[in-house]
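# Coordinates in review
Given next are the chains, with one letter for each unit.
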Amino acid sequence: MDSVLIVSNTNTTLGIISDMLNSQAFSRIVTVQNCAEARRDLIADSFDLIIVDTPLPDEFGDEFSLYAAEQTDSGIILIVDGEKLYDISPEVEDEGVFVLPKPVSPEFFYQAVKLLIASRKRVSYLENENLRLQKKIDEIRLVDRAKCILIQYLQMTEAQAHKYIEKQAMNLRQSRLQTAESILKTYER
C-alpha cells in the first residue's frame, strides 16, 4: 500500500492517525477535513486506504464511505462513536467498509490497518488471477475458432487442425494465439 486519504475535522485526530500510519510503509498521506474535499481528491487521485473519522462538518461520513466503496477499490475504515457503532455498521459493512469504534486504541487501529492491507492484497491477487484465467479462456476460444475454420475450409480433422496450429506457431516462432489470429484473418471476412 502506498497512499492513504484521511478524512477528519479535528487536527489532533489527523495528527494521531498520521503518526500511527507513518510507522507503516505508506509513501503518501493526504489529509482533508470534510467530505467535499475528500470527494474531489477521489476524483483526482486514487488511494489504497481511506480512513474516515466521524462526524464531519458537511455530513456524518457514512455516506462518503459508501460513495468511496462504490467508486474505488480502496480499503476503507470508518471510525464512529461507540454508541453509534451498531447503527452504522449494518449500513456500511455489506459494502466492504470496516467500522471501528471510538475511542480506538493504537494497537487496535494498527491491527485493523494490517487486516485491511492483508485482505486488499489477497483480493488484488485474486483479481489478477481472474484476469489471467480470463485471458487464457479467450485464447482457447480464439484457437478453437481457428480450428473450426481449418476444419470447414481445409477439411481437416480436429486433431489435424490442432497439430497444424501448434506446428505453425512453432515454425513461425509465435504464440498459438497469434497463429490463430492469422488464420482467422485469412479465412474470415
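One structure accompanies this document, and this report is about it. Note that residues are indexed from 1 along each chain, following the sequence as it is written. Given that the model is predicted, a residue must reach a pLDDT of at least 70 before its local features are reported, and side-chain atom pairs must reach 80 or more before they are shown or counted; all residues, however, enter totals for whole chains, interfaces and linings. In computing side-chain properties, one takes all heavy atoms of the structure into account and sets aside hydrogens as well as water.

## Focus on the overall build of the chain
Going by this rule: Only DSSP runs of H or I covering at least 4 residues are called helices, and only runs of E covering at least 2 are called strands; the numbering of each starts at the N terminus. Computation of the radius of gyration draws on C-alpha atoms, with the globule rule given as 2.2 Å multiplied by the number of residues to the power 0.38. Buried means the residue's accessible area, taken with a 1.4 Å probe over protein chains only, is under 20% of the maximum for its type, while exposed means over 50%, and partly exposed covers the values in between. In this description, accessible areas are obtained by the Shrake-Rupley approach with a 1.4 Å probe, and a residue is regarded as covered only by the protein chains that are shown.
Scanning the chain for helices and strands turns up seven helices and five strands. The N-to-C order of helical and strand elements in the chain reads β-α-β-α-β-α-β-α-β-α-α-α. Taken over the C-alpha trace, the chain has a radius of gyration of 26 Å; the compact-globule value for 189 residues is 16 Å, which it surpasses by more than 25%. Overall, the C-alpha framework of the chain stretches about 75 × 30 × 30 Å when taken along its three principal axes. Taken over 189 residues, the chain has a buried fraction of 35%. For the chain, the exposed surface amounts to about 11,400 Å²; the carbon and sulfur share of it is 52%.

## Things to note about the pairing of strand S1 (residues 3-7)
We count it as follows: In this scheme, strands are said to pair when DSSP sees at least two bridges between them.
Of all the five residues making up S1, five are buried; the element is thus mostly covered by neighbouring parts of the structure. As judged from the five bridges shared by S1 and strand S2 (residues 28-32), these two strands associate in the parallel manner. Considered in S2, the bridge of serine 3 is made with arginine 28. Alignment of S1 against strand S3 (residues 49-53), held across four bridges, turns out to be parallel. Bridge pairing in S3 places leucine 5 opposite isoleucine 50.

## Here's the deal with the layout of surface pockets
Heads up, the rule is: Cavities and pockets were defined on a 1 Å grid built from protein atoms only: a cavity is a group of points that admits a 1.4 Å probe but offers it no way out, a pocket is an open group of points flanked by protein on both sides within 12 Å along at least five of seven lines, and a lining residue is one with an atom within 4 Å of any such point. Grid points are joined across faces, edges and corners, and a volume is the space filled by probe spheres set on the points. Throughout this entry, Asp, Glu, Lys and Arg are counted as charged residues, while Ala, Val, Leu, Ile, Met, Phe, Trp, Tyr, Cys and Pro are counted as nonpolar. The remaining residues, Gly among them, count as polar.
One number sums up the size of the largest pocket: a volume of about 280 Å³. Along its surface, the largest pocket is lined by 15 residues, and Asp73, Ser74, Gly75, Arg120 and Val123 are the ones closest to its centre. Among the secondary structure elements, those contributing two or more residues to the lining of the largest pocket are helix H3 (62-71), strand S4 (75-81) and helix H5 (106-154). Broken down by element, the residue count for the lining of the largest pocket peaks at six residues, all from H5. Broken down by class, the residue content of the lining of the largest pocket amounts to five nonpolar, six polar and four charged. Residue lining of the second largest pocket: Thr13, Ile16, Ile17, Met20, Asp53, Ile79, Lys102, Pro103, Val104, Ser105, Pro106 and Phe109, and that is the complete set. Every element with two or more residues in the lining of the second largest pocket is listed here: helix H1 (11-22) and H5. For the lining of the second largest pocket, the residue count by class is eight nonpolar, two polar and two charged.

## Observations concerning unusual backbone geometry
For the peptide bond that leads from threonine 54 to proline 55, omega is -10°, which places it in the cis range. Within the secondary structure, proline 55 sits in the loop between S3 and H3. For the bond from lysine 102 to proline 103, the omega torsion is -15°, close enough to zero to count as cis. Note that proline 103 resides in the loop between strand S5 (97-102) and H5. Positive phi outside glycine occurs at glutamine 155, with the angle close to 50°. Along the chain, glutamine 155 falls in the loop between H5 and helix H6 (158-171). A positive phi is found at arginine 173, a non-glycine position, where the angle reads about 55°. Position of arginine 173 relative to the elements: it lies in the loop between H6 and helix H7 (176-187).

## Considerations on the packing of H3 against helix H4 (residues 85-93)
What counts here: Each axis is a line fitted through C-alpha atoms, taken for helices only over the stretch in contact, and angles between the N-to-C directions span 0 to 180 degrees. Each angle is binned into one of four classes, with values under 35 degrees roughly parallel, values over 145 roughly antiparallel, values of 65 to 115 roughly perpendicular, and all other values oblique. Should the near helix be turned anticlockwise from the far one by less than a right angle, the crossing is left-handed, and should it be turned clockwise, the crossing is right-handed. Note on contacts: a residue pair qualifies if any of its non-hydrogen atoms lie within 4.5 Å across the two residues.
At their nearest, the axes of H3 and H4 sit 10 Å apart, and the two run at 20° to each other. With respect to each other, H3 and H4 are oriented roughly parallel. In this structure, H3 meets H4 at a crossing whose hand is right-handed. Judged by residue contacts, Asp62, Ser65 and Leu66 of H3 engage Ile88, Glu91 and Val92 from H4. Residues that form the contact of H3 with H4 fall into these classes: three nonpolar, one polar and two charged.

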